[in-house]
Amino acid sequence: MNLTTEQKEKVETLLSQMTLTEKLGQMNQVSVSIVGSFDVSFEELIEMLTDGRISQEEFGKLMAGARKDYHKDDIRAGKVGALMVDDPVEYNRLQKIAVEETRLGIPIINGRDIIHGCLSIFPIAIAEAGSFDPELFEETAAMAAREARSQGISWFYSPMVDVARDARWGRVSEGPGEDPCLASVFASAKIRGLQDHRESTETYVAACMKHFAAYGAVEGGRDYNTTNMSLSRLYNVYLPPFKAGIEAGAASIMASFNDLNGVPNTVNPFLLRNILKDDWKFPGFVVSDANAIRECVSHGIARDETDAGVQAVNAGMDMDMGTEIFNKDLPAAIEKGLVSMDTIDEAVRRILSVKVWLGLFEHPYLTDGEIHRYDVLPEEHRALCLRAAQESIVLLRNKDHLLPLSKKTRISLVGALAADADETTGAWAISYRSGDLTSIKDAFAEYGVSMSYHAVCGPESDINEEELEAVLHEDSDVIVAVVGEAKSMSGEASSRADITLPGRQREMLEKLLTCGKPVIAILMNGRPLALSWEDEHLDAIIEGWHLGIGMGEALAQVLFGEINPSGKLSSTFPRMSGQCPVYYAHTNTGRPGGRSKFTSKYMDAGYKPLYPFGYGLSYTEFACENLAVTQTRDALQVSVDVSNTGDREGAVTVQLYMRDVTASLVRPVKELKGFQRVDLQPGEKRSLSFTLWKRDMGFYNNEGKYLTEDGAFQIFAGTSSEDCLMDEVEVTF
Ligand code: GLC
């Protein structure tokens, strides 16, 4: 995010004219005014969401406050700088007050949680990351930006780039998986997609990368919980995606709820000032997560709300989401000298810079043409939804090459999820139109599948014995069971201690197997699941995640072979819930897991996961050979040949890993350093080259210092984190 000299001057001129009230107003994001009409406090709203009285979607709507006045007088008095409005007409109305009825006419920035699509709903991030397709990451973001701007949304609370390695945490669904390299590629591609297509103010938005930082490391996978780690782990695992996104120009950052080593990130100067603003020279602004400043009292780091507000703004927090503490408590604090005007001016400067960069001063309102531009989703948008879904599907099991099915196959389609179009959208889909969605069942029917349908059972429903009997006795060739999680079981405040299939779905599968037909499971889920039983007993398993608008059609195309699945896992699948956290980039330990009792493993689950990071099957076969590593002064040049040894076209992602065999800190047994997705015809061989820069082969130590150390390195290349060729080289830096 770069400003012209003229834009910088505009910011300074405005700043020089602003009163303290107007400055603090810019630092105030009002997102819960709607709650007034429900006569509940924000805390009660969070409670309603947590105990399931309202869904994530309802929470989003309530947060957006689409139908009530937002402190109109506050806006008129210049006390509101940012809003969360999901209705374009409402947006225009409130923006008009801000621009035409306030003293300085500073427009409001309107932010929303557009995580995986606005009107076009794409796959949830954990799924899309598995496409290993950076162009796709960027294209879906760019399309979401265009659609959102037409709805008055110029600020996205995304991309969420929290590396996460514990599938019990519900928010793994929102992020790009367990690996810092993949997450970094994802982060920078998303920032480019959201911010760089600046043909007009209708084609780009300000990103807000979140949640800074290490939120994905919540202890026990329990949301909002504490995080505790060494500096080396923070720098090597959790910070890289944020650094990559900032290098790509991210306009804003959201601090995370969690405390890091005892300091809530909302009031953490080490993160917000030392790293983000001083070391990384981040030019944008930092916003708190919803209500997070107030929650610093609950954390036990602030005596009261004023103390929380003072600590937050002094730590580098520029905007307060949802508590109005900055507005209400900072004037007295400034009076007492607890907060300097320089601190306030820095925050306001950052916020105004983003508003100027967004063109909000020149184009604050939506025209009718803009508002209705996407009333009918254009074919190009639907096509991208389909492509994203196709590339994100992962084939986990295909016993005896059962799949793809012939089009003549008669299927018994089973599972309540198969008939629920809304469930295809996943967590944090908040601005789509139900009429744009298609259930898997309807998509299969449109595809011409010869099938019967019986719900039988869903993630939250009982088994319908009658329907089950009907399935067991009907005349079909195979059973396709759509099973998984309700979308409300992943996303925020959705941690699960037991990550097997919820409800009685496994029991249903057991009963379905008694009829002796092949049983194929299509998974709809927002996190890796513990699927040992399913892997042992079912004939095929397709990971369908929550793929959005293109889900049903893409699954039909994969099931019947029109599309060859090419997705890979961006997150490891455990054998049992108790293996969590489980991930490929683990250290070796002194007793690496093995046959001997006295090695690092579980007696009841071993040490290997069920499906590793980077894994995904195809309807064809691929082979890697001829791995060669040559060393130049600054880099390792790696080449490897990959062939399609099967009988049909297919895409495969070849992954490059490295291991620093001996170092001053123990290093992971593998670290992803690059990947290339290639499409190969049957029999085709491609020679791939990777450049591994020596500067990227180091690590941060526990003083936060980046080191590269001479010694032996193992270089791996393959089609998953487990299926790799390896070569060892001596490297000097
Ligand atoms: C939520 C989430 C955050 C979201 C914000 C605004 O609590 O933690 O990801 O952007 O509130 O909805």
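Conventions used here
Residues numbered from 1 in each chain as written. Predicted model: local features only at pLDDT ≥ 70, side-chain atom pairs only at ≥ 80, totals over all residues. Heavy atoms only, no water. Helix = DSSP H or I, 4+ residues; strand = E, 2+ residues; numbered from the N terminus. Buried < 20%, exposed > 50% of the residue type's maximum accessible area, 1.4 Å probe, protein only. Contact = heavy atoms within 4.5 Å. Areas by Shrake-Rupley, 256 points an atom, 1.4 Å probe, with all protein chains shown as cover. Near = heavy atom within 4 Å. Polar contact = N/O pair within 3.5 Å; in protein donor to acceptor, adjacent residues only side chain to side chain. Nonpolar A, V, L, I, M, F, W, Y, C, P; charged D, E, K, R; others polar. Pairing = 2+ DSSP bridges. Phe/Tyr/Trp six-rings, centres within 6.5 Å; stacked < 30°, edge-to-face > 60°. Lys NZ or Arg CZ within 6 Å of the ring centre and 35° of its normal. Axes fitted to C-alpha atoms, helices over the stretch in contact; angles between N-to-C directions. Expected span 1.5 Å × (residues − 1). Patch = residues over 30% accessible without salt bridge, like charges linked within 9 Å, V, L, I, M, F, W, Y side chains within 5 Å. Salt bridge = Lys/Arg side-chain N within 4 Å of Asp/Glu carboxyl O. Lys, Arg positive; Asp, Glu negative; His and termini not counted. Charge placed at Lys NZ, Arg CZ, Asp CG, Glu CD. Core = buried A, V, L, I, M, F, W, Y, C linked by side-chain atoms within 4.5 Å. Right-handed = clockwise from strand over helix to strand, strands pointing away. Left-handed = near helix turned anticlockwise from the far one by under 90°.

Draft legend 1. Up close: the overall build of the chain. For the chain, the helix and strand inventory stands at 24 helices and 25 strands. In terms of its C-alpha atoms, the chain occupies a principal-axis envelope of roughly 75 × 65 × 45 Å. Expressed as a percentage of the 733 residues in the chain, the buried residues total 64%. Contacts in the chain between residues at least 24 apart in sequence constitute 76% of all its contacts with a sequence separation of at least 6. Surface summary for the chain: the accessible area is close to 26,000 Å², and the carbon and sulfur share equals 48%.

Draft legend 2. Fine view of the site of the ligand. Around the ligand lies a shell of 14 residues, among which Asp113, Arg171, Lys210, His211 and Asp289 are the nearest. Separating an oxygen atom of the ligand from a side-chain N or O atom of Arg171 is a distance of 2.8 Å. Within the contact set of the ligand, an oxygen atom lies 3.0 Å away from a side-chain nitrogen or oxygen of Glu492. The residue inventory of the shell around the ligand, partitioned by class, reads eight nonpolar, one polar and five charged.

Draft legend 3. A look at the pairing of strand β18 (residues 635-644). Taken across its ten residues, β18 has eight buried, putting it largely inside the fold. One ladder, built from eight bridges, connects strand β17 (residues 622-631) with β18; its direction is antiparallel. Following the sheet pairing, Glu625 is matched in β18 by Asp641. Where β17 folds back onto β18 in an antiparallel hairpin, the turn is made up of three residues.

Draft legend 4. Molecular detail of the packing of aromatic side chains. Taken as a whole, this structure holds 20 aromatic pairs when the rule is applied. Site record: aromatic cluster; members linked through ring pairs are Phe132, Tyr584, Phe613, Tyr657 and Phe675. Over the ring of Trp428 we find Lys210, and its NZ or CZ is 5.4 Å from the ring centre. Note that Lys670 overlies the ring of Phe716, its terminal NZ or CZ placed 4.8 Å from the centroid.

Draft legend 5. A look at the sheet that holds strand β25 (residues 724-731). Judged by pairing direction, the sheet is antiparallel, and its four strands sit side by side in the order β20-β19-β24-β25 without closing on themselves. Both edges of this open sheet fall to β20 (671-680) and β25, since each of them pairs with a single strand only. Taking the axes of each pair of neighbouring strands and ignoring which way they run, one obtains an average angle of 20° across the sheet. By the bridge criterion, eight bridges tie strand β24 (residues 711-718) to β25 in an arrangement that is antiparallel. Within β25, the residue paired with Phe713 across the bridge is Val729.

Draft legend 6. Main features of helix α9 (residues 134-149). An ideal rise of 1.5 Å per residue puts 22 Å on 16 residues; α9 measures up with 23 Å between its terminal C-alpha atoms. Among the 16 residues that make up α9, twelve are buried, leaving the element largely enclosed by the rest of the structure. Listing the buried residues of α9 in full gives Leu136, Phe137, Glu138, Thr140, Ala141, Ala142, Met143, Ala144, Ala145, Glu147, Ala148 and Arg149.

Draft legend 7. Here's a closer look at helix α13 (residues 269-279). Taken together, the buried positions of α13 are occupied by Leu271, Leu272, Arg273, Ile275, Leu276 and Lys277. The opening residue of α13 is Asn268, an N-cap whose side-chain oxygen sits 3.1 Å from the backbone nitrogen of Phe270. Positive phi shows up at Lys281, right after α13, with a value of about 55°.

Draft legend 8. Structural detail: a negative patch on the surface. On the surface, Glu379, Glu446, Glu553 and Glu562 cluster together into a patch of negative charge. Assignment of secondary structure puts Glu562 in the loop between α24 (551-559) and β17.

Draft legend 9. Examining the sheet that holds strand β10 (residues 320-321) more closely. The five strands lie next to each other as β4-β3-β2-β1-β10, forming an open sheet whose pairing is parallel. Strand pairing shows two members of the sheet lacking a second neighbour, β4 (155-156) and β10, which therefore form its edges. Of the strand pairs in this sheet, strand β3 (residues 109-112) and β4 are connected by two bridges, and their pairing is parallel. When the sheet's bridge partners are listed, Gly111 is paired in β4 with Trp155.

Draft legend 10. Broad picture of the nonpolar core. Judged by nonpolar contacts, the single largest core of 133 residues is most densely connected at Trp155, Phe212 and Leu330. When residues no more than four places from it in sequence are discounted, the contact partners of Leu330 are Leu24, Gly309, Val310, Val313, Ile325, Val339 and Ile344. Of all hydrophobic cores here, the second largest spans 73 residues; its members include Leu396, Val449, Leu468 and Leu538.

Draft legend 11. Examining unusual backbone geometry more closely. Of the consecutive residues Leu403 and Pro404, the connecting peptide bond is found in the cis state with omega at 0°. The topology assignment puts Pro404 in the loop between β11 (394-398) and β12 (410-414). Cis geometry marks the peptide bond from Cys580 to Pro581, where omega comes out at -5°. Its place among the elements puts Pro581 in the loop between α24 and β17.

Draft legend 12. Structural view of the pairing of β3. Of the two faces of β3, the one carrying Ile109 and Gly111 and the one carrying Asn110 and Arg112 are both buried. Across two bridges, the pairing between strand β2 (residues 82-83) and β3 is parallel. Counterpart to Leu83 in the pairing with β3 is Asn110. Considered for its hand, the β-α-β crossover made up of β2, helix α7 (residues 88-100) and β3 is right-handed.

Draft legend 13. Structural view of the packing of α9 against helix α19 (residues 379-392). Interhelical geometry of α9 versus α19 gives an angle of 145° and a closest axis separation of 11 Å. Note on packing geometry: the crossing formed by α9 with α19 is left-handed. Residues Leu136, Glu139, Thr140, Met143, Arg146 and Glu147 of α9 pack against Glu380, His381, Leu384, Arg387, Ala388 and Glu391 of α19. When grouped by side-chain class, the residues that make up the contact of α9 with α19 number four nonpolar, two polar and six charged.

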